Each structure stands twice: as structure tokens, then as C-alpha cells.
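# Notes for the structure review
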Amino acid sequence: MSRSLKIILGAAALLSSAGLAQAGGSGCTNCYKQVVHPPQYRTVDETVLVRPAQTIAHRTPAEFGTVQETVVIHPARTVAREIPAQLGTVAEQIMISPARKEWQVTTDAHGRQIGCWVKIPAQYAVQHRTVVVRPAQVVHETIPAVHGTRTRQVMVRAPQVHHEVIPPQYATRQRTEMVAPASASWQPMGGGHHRPRHW
């Protein structure tokens, strides 16, 4: 029982005893009885937060692929190549002895000796000798580069982070609240039509 209700009931008891004393005891013609009214309650609905909003990070890893690319295995280079001399044989006529005059003595048919100068032509011979047809030389030759193909891994897509927002979650619950507190009142006794008195 609440303190206010106790005070009301105590005051009512005092008034009741005083009224009975003034009325002279049992000969009460204007009497009241005390009626206690319990407190009144009602049920109300209210919205409460069950779970606050939250953000969840979804991470997507990086994606990789393979590509083929052309690489140089051996770079281009220049080398020196020596070409030897080219030789040949040529024939040439050389003079063995020059033309000259020579005194010759002959005997004719009569047994006489006859002397005269005789011209002897020059004498030649064919001589073979080796000659250089093309001299030795150095030729610089360029060797092209050698290429090949290799496969390597590359990143196709970088890692990503996607944030998902989950809204807050609410629920409805019921609670009881007091509409009117407990009270007490006096009502006439004996079927009279007197107005009740509230304390």
C-alpha cells in the first residue's frame, strides 16, 4: 500500500470516529462507508532498439592473370670476319736472250770459206707466276638479335573493399504504466442519495 493511500485511510478513520462520537454512537443517520479504489494501469507499445546500425567490410582479393611477352635472348652483335686473299696464275712471255748479230763462217760449193754477219732474233719463253687477284680483307658482319617468348604473372584487378551498411533493427515491446494512482472515497450507507466524499 502506498504512503498516500495510508494517509487517506488514516484521515478517513479519524473522521469516522469523530463523526460517530458526535452522532452519539450507534444512532448514526448520515453515515458513510469507505471505499478503496485500486490504481489503474494500461498497457502501451513502445519501439526499442534491438541492434544498432553497423557497417561490414567485404574484401575482394586481387585478381591475377598471365601474359606473354617477347624478350631478347641474345642481343644483336657485330663480328669481324677475315677473308683471305685470292690468288691466281698468269702466263707471261719473257725474253730469254735479246736479238743479236753473230759472225758465221760457211764453206761454199767450191770449198771456199765465206764469212758473214747473221741476225739471230730474240728468244722468248712462257713463264707462269702467281699473282694476287683479290687482297685479303676484313668484313664486319652483323648478327641479328635472338628473341624468345616468356610468360609472366600480372595483376588484372587490384584488391577492393566493399562496405555493406546494415540498418538498425527495432522491435516493439509492451510495458505497463499507471494511469491513475490508488484512491479512497466515502460513500453514503443505507441507500441514501448523498454524494460520495473523496479524500
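Residues numbered from 1 in each chain as written. Predicted model: local features only at pLDDT ≥ 70, side-chain atom pairs only at ≥ 80, totals over all residues. Heavy atoms only, no water.

## Quick look at the overall build of the chain
Counting secondary structure elements, the chain contains one helix and 15 strands. Buried residues in the chain amount to 10% of all 199 residues. Long-range contacts, defined here as pairs at least 24 residues apart, represent 85% of the contacts in the chain between residues at least 6 apart. (Helix = DSSP H or I, 4+ residues; strand = E, 2+ residues; numbered from the N terminus. Buried < 20%, exposed > 50% of the residue type's maximum accessible area, 1.4 Å probe, protein only. Contact = heavy atoms within 4.5 Å.)

## Some thoughts on the side chain of Ser97
As for its position among the elements, Ser97 is in strand β6 (residues 86–97). By relative accessible area, Ser97 is classed as buried at 15%. Not counting the four nearest positions on each side in its chain, Ser97 is found in contact with Ala122 and Gln123.

## Considering the environment of Ala158
Along the polypeptide, Ala158 turns up in the loop between β11 (146–157) and β12 (160–166). The class of Ala158 is partly exposed, set by a relative accessible area of 42%. In this structure, the C-alpha to C-alpha distance between Ala158 and Glu63, residues 95 residues apart in sequence, is 6.6 Å.

## Things to note about the pattern of salt bridges
Pairs can form between side chains of opposite charge once their charged atoms are near each other. Tallying each qualifying case throughout the model produces 11 salt bridges. Put simply, Arg173 and Glu46 hold a salt bridge, and the shortest N to O gap is 2.8 Å. On the criterion of sequence distance, the pair formed by Arg173 in strand β13 (residues 169–180) and Glu46 in strand β2 (residues 40–51) is long-range, its members being 127 residues apart. Owing to a relative accessible area of 48%, Arg173 belongs among the partly exposed residues under this scheme. Residue classification places Glu46 among the partly exposed residues on the basis of a relative accessible area of 23%. Between Asp108 and Arg112 there is a salt bridge, and its shortest N-O distance comes to 3.0 Å. (Salt bridge = Lys/Arg side-chain N within 4 Å of Asp/Glu carboxyl O.)

## Details of the packing of aromatic side chains
One pass over the structure, following the stated rule, counts one aromatic pair. On the basis of an interplanar angle of 65 degrees and a centroid distance of 5.3 Å, the ring pair of Trp103 and Trp117 is categorised as edge-to-face. Of this pair, Trp103 sits in strand β7 (residues 100–107) while Trp117 sits in strand β8 (residues 113–120), placing them 14 residues apart in sequence. Given a relative accessible area of 45%, Trp103 falls into the partly exposed group. Residue Trp117 is classed as exposed on the basis of its relative accessible area, which comes to 60%. (Phe/Tyr/Trp six-rings, centres within 6.5 Å; stacked < 30°, edge-to-face > 60°.)

## Comments concerning the environment of Pro84
Position of Pro84 relative to the elements: it lies in the loop between β5 (77–83) and β6. The exposure class assigned to Pro84 is exposed, which follows from its relative accessible area of 58%. Along the chain, Pro84 and Val138 lie 54 residues apart, while their C-alpha atoms are 8.5 Å from each other.

## Here's the deal with the pairing of β8
Pairing analysis gives eight bridges linking β7 to β8, with the strands arranged antiparallel. Across the sheet, Gln104 pairs through a bridge with Cys116, a residue of β8. The hairpin turn running from β7 into β8, its antiparallel successor, is five residues long, and Gly111 in that turn takes a positive phi close to 85 degrees. (Pairing = 2+ DSSP bridges.)

## Concerning the confidence of the model for the chain
Put simply, the chain has an average pLDDT of 82, and 80% of its residues get 70 or more. Note on residues 14–25: pLDDT is under 50 here. Beyond four places in sequence and across chains, it has five contacts. (pLDDT = per-residue confidence, 0-100.)

## Concerning the environment of Glu69
Mapped onto the fold, Glu69 is located in strand β4 (residues 63–74). Put simply, Glu69 and Thr149 are 80 residues apart on the chain and 5.6 Å apart in space, counted from C-alpha to C-alpha. Glu69 has contacts with Gly148, Thr149, Arg150 and Arg152, leaving out every residue within four places of it along the chain. For Glu69, the side chain forms a polar contact with the side chain of Arg150, separated by 2.8 Å. (Polar contact = N/O pair within 3.5 Å; in protein donor to acceptor, adjacent residues only side chain to side chain.)

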